[in-house]
Amino acid sequence: MIARLRRLVWVSWRPIAERAARAYVAGPTLSDALRVCDALARQGLAATICPWDGPGDPCRRVADAYLAAVHALARATLDCYVSIKAPSLGFSGDLVAELLEAARPHGCGIHFDSLGPEAADQSWALLAEAAARGGRLGCTLPGRWRRSLSDVDRAVELGLRVRVVKGQWADAGGGGAPDLDARDGFLRVVDRLAGRGCRVAVATHDHALAGQALARLRDAGTACELELLYGLPARQSLQAARAAGVPVRVYVPYGHAWLPYGLSQARRNPRILWWTMKDWLLGWRWPGAAPSV
Ligand SMILES: Cc1cc2nc3c(=O)[nH]c(=O)nc-3n(C[C@H](O)[C@H](O)[C@H](O)COP(=O)(O)OP(=O)(O)OC[C@H]3O[C@@H](n4cnc5c(N)ncnc54)[C@H](O)[C@@H]3O)c2cc1C
């Protein structure tokens, strides 16, 4: 009975969640992303853009989308870097080298997003290879992964910019160990980064956590900024950044619309459906957002 009721609730929420996914991307094309970045820049907000690929997109097509983003930023006057997903490039060193070759003359940053734990070692091998070629590079460290503390040391060694997130994917769970608490893990990564000389992006919509992390980094004299996901509620996080006196950058995805939390996670965690409903009902809108249909 309860299972049937849950299924019924899920079936009626599903169209809301699918509609919500479209609110997390600037639109289907690069020009949609650039339009949003322009609107953000007018409000004093920096950006990072990422073409989100669809299921089964060939690596060459994904690389071309990243290259188009780099070339467009070279022509623009935006404070913006390109975020990429190493598994979508098939972990190809050649494709990453091509991208760096295009980005380097313009000083365009290339940032590696973090995907599932099974992709971490190959992503780090690529990052090390890329760092040896030079260029402005960044990595993402999930607070809930045990390995992230030692990955901080690798990032510092390679001179990477670091984005700290709670993490969308659970830890690989070596020896069946449970995940770290995402908030505690987040702050542990921040503490390990404080005073180490790399630029840190505190990427969370948990405004209390953002406030704590930014204060710790500021106290240690570490250059930092708040990074937010386009489409997620931002009012209180923007206040936290203002209170800490740090700049804000917005991650603007475009292309294929995925929910930042997959629908399967929304199924396990109905809070996510409430959050998406709340935004929709309150009509909070990011600068440059296309009118909803
Ligand atoms: C700029 C940026 C880049 C990221 N890059 C990566 C990455 O490369 N790899 C990775 O694994 N993860 C990445 N993430 C996702 C991150 O790991 C978390 O899954 C996500 O940010 C939600 O956690 P939170 O810290 O914002 O806190 P939460 O406690 O999950 O959320 C805080 C508040 O944000 C709002 N909120 C959160 N999620 C939603 C939602 N789906 N819809 C509506 N409201 C919501 C709610 O008001 C909630 O109370 C990124 C996040 C950001 C902000």
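Quick note: structure is the one above.
None of these values were measured; they are calculated from a predicted model.

(A) Seen up close, the overall build of the protein chain. Regarding its fold elements, the protein chain presents 11 helices and eight strands. Counting the 293 residues in the protein chain, one finds 48% classified as buried. The long-range fraction of contacts in the protein chain, counting pairs at least 24 apart against all pairs at least 6 apart in sequence, stands at 74%. Counting every atom, the protein chain has about 14100 Å² of accessible surface; 55% of that belongs to carbon and sulfur.

(B) Examining the pairing of strand β2 (residues 80-84) more closely. When you tally the buried positions in β2, you get five out of five residues, the bulk of the element. Both faces of β2 are covered, namely the face carrying Cys80, Val82 and Ile84 and the face carrying Tyr81 and Ser83. When strand β1 (residues 46-52) meets β2, the two strands line up parallel, connected through three bridges. Within β2, the position partnered with alanine 47 by the bridge is cysteine 80. Regarding topology, helix α3 (residues 59-75) serves as the crossover connection from β1 to the parallel β2, and that connection is right-handed. The pairing of β2 with strand β3 (residues 110-112) spans three bridges and is parallel. Note on β3: the bridge partner recorded for isoleucine 84 is phenylalanine 112. Crossover connection from β2 via helix α4 (residues 93-103) to parallel β3: handedness right-handed.

(C) Region of the structure containing the pattern of salt bridges. Under the defined criterion, the tally for this structure stands at 23 salt bridges. With a shortest N-O distance of 3.6 Å, glutamate 101 and arginine 104 are connected by a salt bridge. Note on arginine 104: relative accessible area 34%, which makes it partly exposed. Residue aspartate 151 is joined to arginine 154 by a salt bridge in which the shortest nitrogen-to-oxygen separation is 3.7 Å. Residue aspartate 151 and its partner arginine 154 are located together in helix α6 (residues 148-158), separated by three residues, close to a single helical turn. One network of salt bridges, in which partners are shared, links Asp79, Lys85, Asp113, Arg161, Arg163, Arg199, Glu225, Glu227 and Arg249.

(D) Examining the nonpolar core more closely. Judged by nonpolar contacts, the single largest core of 71 residues is most densely connected at Ile49, Val82, Ile110, Phe112 and Val252. It is α3 that provides the largest number of residues to this core, a total of eight residues.

(E) Here's a closer look at helix α9 (residues 235-244). Along α9, the residues that are buried comprise Ser237, Leu238, Ala240, Ala241 and Ala244. Seen along its axis, α9 keeps its buried residues to an arc of 155°; they face one direction. Exposed side chains of α9 directed beyond 90 degrees from the buried face belong to Arg235, Arg242 and Ala243. The elements touched by buried residues of α9 are α8 (207-219), β7 (224-229) and β8 (248-255). Immediately downstream of α9, the backbone of glycine 245 shows phi near 70°, a positive value.

(F) Spotlight on the sheet that holds β2. Reading around the circumference, β1-β2-β3-β4-β5-β6-β7-β8 is the order of the eight strands in this closed barrel, with parallel pairing throughout. Put simply, the sheet's adjacent strands are angled 30° from each other on average, direction ignored. Along the sheet face, helix α5 (residues 120-133) touches β3 and β4 (137-142) and points at about 155° away from the line of β4. Strand contacts of α9: β7 and β8, with the helix running at about 175° to β7, the strand carrying the most contacts.

(G) Examining the packing of α5 against α6 more closely. Running from amino to carboxyl end, α5 crosses α6 at an angle of 15°, the nearest separation of the two axes being 10 Å. Here α5 is positioned roughly parallel relative to α6, judged by the angle of their axes. Of the two elements, α5 crosses α6, and the hand of that crossing is left-handed. Contact residues: α5 offers Trp124, Leu127, Ala128 and Ala131, while α6 offers Asp151, Arg154, Ala155 and Leu158. Here the residues of the contact of α5 with α6 are counted per class, giving six nonpolar, no polar and two charged.

(H) Just α3, in detail. Its 17 residues place the ends of α3 25 Å apart at the C-alpha level, agreeing with the 24 Å of an ideal helix rising 1.5 Å per residue. Along α3, the positions that sit buried rather than exposed are Val62, Ala63, Tyr66, Leu67, Ala69, Val70, Ala72 and Leu73.

Rules used throughout
Residues numbered from 1 in each chain as written. Predicted model: local features only at pLDDT ≥ 70, side-chain atom pairs only at ≥ 80, totals over all residues. Heavy atoms only, no water. Helix = DSSP H or I, 4+ residues; strand = E, 2+ residues; numbered from the N terminus. Buried < 20%, exposed > 50% of the residue type's maximum accessible area, 1.4 Å probe, protein only. Contact = heavy atoms within 4.5 Å. Areas by Shrake-Rupley, 256 points an atom, 1.4 Å probe, with all protein chains shown as cover. Pairing = 2+ DSSP bridges. Right-handed = clockwise from strand over helix to strand, strands pointing away. Salt bridge = Lys/Arg side-chain N within 4 Å of Asp/Glu carboxyl O. Core = buried A, V, L, I, M, F, W, Y, C linked by side-chain atoms within 4.5 Å. Arc of directions from axis to C-beta. Axes fitted to C-alpha atoms, helices over the stretch in contact; angles between N-to-C directions. Parallel < 35°, antiparallel > 145°, perpendicular 65-115°, else oblique. Left-handed = near helix turned anticlockwise from the far one by under 90°. Nonpolar A, V, L, I, M, F, W, Y, C, P; charged D, E, K, R; others polar. Expected span 1.5 Å × (residues − 1).

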